[in-house]
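Chain by chain, the residues:
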Amino acid sequence: MHFRLNGQTADVDAEPTEPLLDVVRRAGCTGPKEGCWIGVCGACTVIVDGLPVSACLYLAGMAEDADVWTVEGLTADDPALVDAFADAAALQCGFCTPGQVTTAWWVAHRPDVDGGPGGARSPGGAGGPGGDPDVAALMAGNLCRCTGYQAIRAAVETYRAGH
Amino acid sequence: MSTVVHPSDVRVDAVRKIVGAEEYAGDVSLEGMVHACIVRSSERHARIEAVDTSAALTIDGVLRVVTAGDLDCALYGRIVRDIPVLAVDKVRYLGEPVAAVVATTRRLAELGAAAVVVEYGPLPAVVTADAALEPDAPLVHEAPWEYARAVVSPDDPPNLQSRAARGTRQEAEAALAGAAHVVDETYVTPAGHQGYLEPQCCVARWNAEAGSLELWIPNKTPYRLVEQLAACLGRPAASIELHPVAIGGDFGGKGSPMAGPLCAELSRLVGRPVRLALRYAEDLAATNPRHPTSIRVRMGCDTGGRLVGLVVDAQVDGGAYAGYKPMPEVSLRGIGHAASSYRVDAAYVESRIAYTNTVPKGHARAPGSPQITFAVESALDELALRSGLSPWEIRRRNVLRTGETGHEGVRYAEHRAAEVLERAERSIRPATAPAGTRHGLGIALYDRPTGLGYTSLRLTARADGDLDVGVAVPDTGTGSHTVVREVLAGALALDPACLHVRHLPTGALPGDQGVGGSRVTATLSSAALLAAERWQARGGEDSIVVELRGEAEEPITSYCAQVAQVAVDPTTGELTLLDLLTVVDVGTVVHPASHQSQVDGGATMGIGFALYEDLELDDGQVWASNLGEFKLPSVRDLPSLQTEVLEGGKGVGPANVKSIGELVNPPVAAAIANAVFAATGVRLRRVPLRAEDLWEALYPATAAAPGRPAVPAAAAAGPAPGGSSEQP
Ligand code: FES
Ligand code: FES
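Residues numbered from 1 in each chain as written. Chains lettered and ligands numbered in written order. Predicted model: local features only at pLDDT ≥ 70, side-chain atom pairs only at ≥ 80, totals over all residues. Heavy atoms only, no water.

1. Considerations on the overall build of chain B
- Scanning chain B for helices and strands turns up 18 helices and 23 strands.
- For chain B, the C-alpha radius of gyration of 26 Å lies close to 27 Å, the compact-globule estimate for 728 residues.
- Counting only C-alpha atoms, chain B reaches 75 × 70 × 50 Å along its principal axes.
- A burial count over chain B gives 62% of its 728 residues as buried.
- For chain B, restricting intrachain contacts to residue pairs at least 6 apart in sequence, the fraction spanning at least 24 positions comes to 81%.
- Carbon together with sulfur atoms contributes 49% to the accessible area of chain B, which is approximately 24600 Å² in total. (Helix = DSSP H or I, 4+ residues; strand = E, 2+ residues; numbered from the N terminus. Rg over C-alpha atoms; globule rule 2.2 N^0.38 Å. Buried < 20%, exposed > 50% of the residue type's maximum accessible area, 1.4 Å probe, protein only. Contact = heavy atoms within 4.5 Å. Areas by Shrake-Rupley, 256 points an atom, 1.4 Å probe, with all protein chains shown as cover.)

Shown next, in the form of structure tokens:
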């Protein structure tokens, strides 16, 4: 299959029905992790055409020609994203962290708060119709067993405020 | 020696974890590596009559199907060695490994495993501790006393794994007989998974020529795992090396050998490196979850509310094997600490752990403590009600004061229970319950001792003038490697950026006891101070190794009080946690951000135990078989979390630290249950606390009938907060 991975052209051998997670990990981006394997925990989150997806459920064939970003690419030239998590000590074991960082990037860069694709008030958007696009609502798809979320929330707020 | 604290320092592992560069076992890829998948039992208890591997072997890419007969190893276990690497002759729980398929890819290994056909001859099963301990119960093991290091004998009840008791039953019973008020209730807690996000995983490479075995496995007790593997595989410990990998969450679940012995055997059999990674569903169904308990508490006080007697009988479901429990007496220590915060004239505490045909249980954050604290701290509120005291007052009258000794007979350096309670009471910020709901507030108290363990550490000067710090123990996420850096930087008056902390492979250092018992910060900080001393006094060497075998001068314990505020919708029983206040008793906090993260994470895990997490093991099968069914709290499920840190405690060792990792999760459930009672007059004695149970208690007459009932007077009026009315 053919797609763009972290800004580079990627041509890889992949079955259209295999999870995108396996494909990006085989391509060397092992930041996204396999946790629940059913779209609940968010450890596998990657950005496909501007939207966060659970790469464990997202079929590789659906990402044909897409623009895919993983935590490696998102943090490569964004020291503010790295610092926000590091300064807040927003991690412990780190297994959820790539997914948290990826969703945090989307929280700050989301196309339209009010109703654009993935916007908090779009149909099925994180906040629901008229919902409050607060960080907890936007980050609820990323589980963390270690930190109790307080530091992650602070990190995401700091990073978003800088945008 | 004083400790300089650098509160703003970034964790040593922060950046590599944030950018996705940290290496976990599942990220390790070796030349020629192949993949394995386990064939698991579909029966609770059955003879294995035949295993047909022929269909699996026709799949292109399947290299080998392995059953017990192919293995060349003994049973394994942390203390009791009773776990077969693959089931021999019979299966004892649903999900038990029966065979393994090795293939060139994980997908092919999974296809191969699905194609293996096992024929079973079903046997009668026992799936609860109560049933298992009946005199004529079916036997899970024919002769459990014959296992290496077993703690039972042929005279014990048939399915006993272990029994632990403290105190004298007659004395405690006599004290209860003379009490003015007595509570006699039974509290029930479910099996629960630790919820670490990284499924169990292992990569093994067996080198036949060198006779060596290397493993990459997320295990928090690497030196002990080497011993366990050596015993199981019949090889010298010196031929086994564990490489450091990050651990994607532990909470007690990453202390057992788990995927290690099987993965090692598979690598030997196929002559290639093998990765054995579990899917999360396998992890939930068949690793080493928290023990379910049924705990009968009888507690009595005199007319002044003074505790005179306590009898605790805990029945614990240990599952099919005892080998995942690491304590020499194979018990859950937390249960023995029942009511350890209080003065009780006569106490007797007994726990019996049973073999059952269910997934074998292991350690989970503060083993036994969330269960016993839910029971005892709920019972104490029930006793307060009977003796006309407030929940605060009965605790104030009974908490241990410095100089006193509880029923465990340990004389701790200090007891800060009264101060912790006082700070909790003063720090409450009343939360507002939504219109139409009832507000309730509940308190619970807990204490946990801190000790010192064994570890070793290496300091090496680098060419650039910085110091390499080699540690023997993995950082399970708690920030322990950062603690080493902070303490060394303080003691050596160095910029923390000049210290490079690395976890070394086994064999590089003399040894380590492993992570557990909330002793890591105390042990590592003491070891770091010792290393700093030796470093400053060294001669010409540019590398030193220190070993710390810790003995605390005085026993130390720490207290935690929690206050929960809830809102209950009296029409539906829906329960909302509005606020959770945690007060912790600390010595010196070495790295405040990591400390706070332990408090927040512990409180959140306690909330999960109280409100959501249940493997639903009722008939011996884990029904909550994925992370959608076994619900961990998300950021949206949390109330406002407040923390109060009571400084100035006396801690362990020269670094003066107390425990935190397992201090905060145990009291949460009782605090919430007590708040629910204050709001509704309903006493829930089973976790998770569910709206359904609350609704059924509120509407006993209509609970069986469908339809939406009117709000009964008792629920609409409710008792005053603090719980001053009897149950409806
Ligand atoms: S692994 Fe994809 S959401 Fe959990
Ligand atoms: S840091 Fe461990 S799961 Fe989030």
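2. Section: the overall build of chain A
- The helix and strand tally for chain A stands at 6 helices and 5 strands.
- Ordered by position from N to C terminus, the α and β elements of chain A give β-β-α-β-β-β-α-α-α-α-α.
- Looking at chain A as a whole, 58% of its 163 residues are labelled buried.
- Across chain A, the fraction of contacts at a sequence separation of at least 24, relative to all contacts at a separation of at least 6, is 55%.
- Accessible surface, chain A as shown: approximately 6000 Å² in total, 51% of it carbon and sulfur.

3. Considerations on the side chain of threonine 476 of chain B
- Its place among the elements puts threonine 476 of chain B in the loop between β18 (467-471) and α13 (480-492).
- The buried category is assigned to threonine 476 of chain B, whose relative accessible area is 7%.
- In this structure threonine 476 of chain B touches Cys93 of chain A together with Lys220, Ile247, Gly249, Asp250 and Val515 of chain B, once residues within four positions along its chain are discounted.

4. Digging into the environment of tyrosine 147 of chain B
Residue and element names in this part refer to chain B.
- With respect to the helices, strands and loops of the structure, tyrosine 147 is situated in the loop between α4 (129-132) and β7 (160-167).
- The buried category is assigned to tyrosine 147, whose relative accessible area is 17%.
- Spatially, the C-alpha atom of tyrosine 147 lies 5.8 Å from that of aspartate 82, the residues being 65 residues apart in sequence.
- Apart from the residues lying within four places of it in its own chain, the contact partners of tyrosine 147 are Leu75, Val80, Arg81, Asp82, Arg92, His141 and Tyr355.

5. Remarks on unusual backbone geometry
All names here are of chain B.
- Omega for the peptide link from valine 687 to proline 688 comes to -5°, which places this bond in the cis form.
- Among the secondary structure elements, proline 688 is positioned in the loop between α16 (668-680) and α17 (691-698).
- One non-glycine residue with positive phi stands out, namely alanine 339, at about 60°.
- Here alanine 339 shows up in the loop between α9 (333-336) and β15 (346-355).
- Taking relative accessible area as the criterion, alanine 339 reaches 9% and is therefore assigned buried.

6. Regarding the pattern of salt bridges
All names here are of chain B.
- Summed over all chains, the structure comprises 54 salt bridges over all chains.
- Here arginine 268 and glutamate 265 are joined by a salt bridge, their closest N and O atoms 2.9 Å apart. A residue pair is termed a helical-turn pair when its members lie 3 or 4 positions apart in one helix, as arginine 268 and glutamate 265 do in helix α7 (residues 260-270) at 3 residues.
- The class of arginine 268 is partly exposed, set by a relative accessible area of 27%. (Salt bridge = Lys/Arg side-chain N within 4 Å of Asp/Glu carboxyl O.)

7. Thoughts on the packing of aromatic side chains
Residue and element names in this part refer to chain B.
- For the structure on display, the rule yields 5 aromatic pairs over all chains.
- Centre to centre, the rings of tyrosine 187 and phenylalanine 374 are 6.0 Å apart; their planes meet at 85°, and the pair counts as edge-to-face. Placement of tyrosine 187 in strand β8 (residues 181-189) and of phenylalanine 374 in helix α10 (residues 369-387) is noted, with a sequence separation of 187 residues between them. In this pair, the class of tyrosine 187 matches that of phenylalanine 374, namely buried.
- With 5.4 Å between their ring centres and 40° between their planes, tryptophan 695 and tyrosine 699 make a pair best called tilted. (Phe/Tyr/Trp six-rings, centres within 6.5 Å; stacked < 30°, edge-to-face > 60°.)

8. Notes on the domain arrangement of chain B
All names here are of chain B.
- Taken domain by domain, chain B consists of domain 1 (32-123 + 198-248 + 254-286), domain 2 (293-450 + 554-717) and domain 3 (452-549).
- For domain 1 and domain 2, the distance between their C-alpha centres works out to 37 Å.
- If you look at the interface, domain 1 gives 21 residues, while domain 2 gives 26 residues.
- Counting each side, the surface lost to burial between domain 1 and domain 2 is near 2000 Å², with a carbon and sulfur contribution of 62%. (Domains from an automatic or database assignment. Buried area = accessible area lost by both parts, 1.4 Å probe.)

9. Side note on the sheet that holds strand β19 (residues 499-503) of chain B
All names here are of chain B.
- Taken together, 4 strands build an open sheet; the order of strands is β19-β18-β17-β20 and the sheet is mixed. Whereas interior strands pair on both sides, the edge strands pair on one side only; in this sheet they are β19 and β20 (543-549). Between one strand axis and the next, the sheet turns through 20° on average, direction left out of account.
- In the sheet, β18 pairs with β19 via 5 bridges, with the strands oriented parallel. Across the sheet, the residue bridging to aspartate 468 is histidine 500, located in β19. (Pairing = 2+ DSSP bridges. Axes fitted to C-alpha atoms, helices over the stretch in contact; angles between N-to-C directions.)

10. Quick look at the domain arrangement of chain A
Residue and element names in this part refer to chain A.
- The domain architecture assigned to chain A consists of domain 1 (2-71) and domain 2 (74-161).
- Taken together, the contacts link 18 residues of domain 1 with 15 residues of domain 2.
- Interface area for domain 1 against domain 2, summed over the two sides, is near 1300 Å², with a carbon-plus-sulfur share of 68%.
- There are 5 residue pairs in polar contact (both at pLDDT 80 or more) connecting domain 1 and domain 2.
- Taken together, the elements giving at least two residues each to the side of domain 1 that touches domain 2 come down to β3 (45-48) and β4 (51-54).
- Ranked by residues supplied to the side of domain 1 that touches domain 2, first place goes to β3 with 3 residues.
- Residues of the side of domain 1 that touches domain 2, tallied by class, amount to 10 nonpolar, 6 polar and 2 charged. (Polar contact = N/O pair within 3.5 Å; in protein donor to acceptor, adjacent residues only side chain to side chain. Nonpolar A, V, L, I, M, F, W, Y, C, P; charged D, E, K, R; others polar.)

11. Some thoughts on the pairing of strand β14 (residues 307-319) of chain B
Residue and element names in this part refer to chain B.
- Taking burial as the measure, the 13 residues of β14 include 13 buried ones, the bulk of the element.
- Relative to β14, strand β13 (residues 293-301) runs antiparallel, the two being bridged by 9 bridges. Bridge assignment links methionine 299 to a residue of β14, and that residue is leucine 310.
- The antiparallel pairing of β13 with β14 creates a hairpin that spans 5 residues between the two strands, and glycine 305 there sits at a positive phi of about 80°.
- Taken together, the 10 bridges between β14 and β15 define a ladder with parallel strand orientation. Bridging across to β15, glycine 309 finds its partner in alanine 346.

12. With respect to the nonpolar core
- Among the nonpolar cores identified, the biggest contains 184 residues, and Phe85 of chain A together with Ile672 of chain B are the most heavily contacted of them.
- The greatest single-element share of this core, amounting to 9 residues, is contributed by α16 of chain B. (Core = buried A, V, L, I, M, F, W, Y, C linked by side-chain atoms within 4.5 Å.)

13. What to know about α10 of chain B
Residues and elements named next belong to chain B.
- The end-to-end C-alpha distance of α10, which contains 19 residues, comes to 26 Å, matching closely the 27 Å that a straight helix rising 1.5 Å per residue would cover.
- Among the 19 residues of α10, 18 are classified as buried, and the element is accordingly described as predominantly covered.
- In the stretch just after α10, glycine 388 is the one whose phi turns positive, near 75°. (Expected span 1.5 Å × (residues − 1).)

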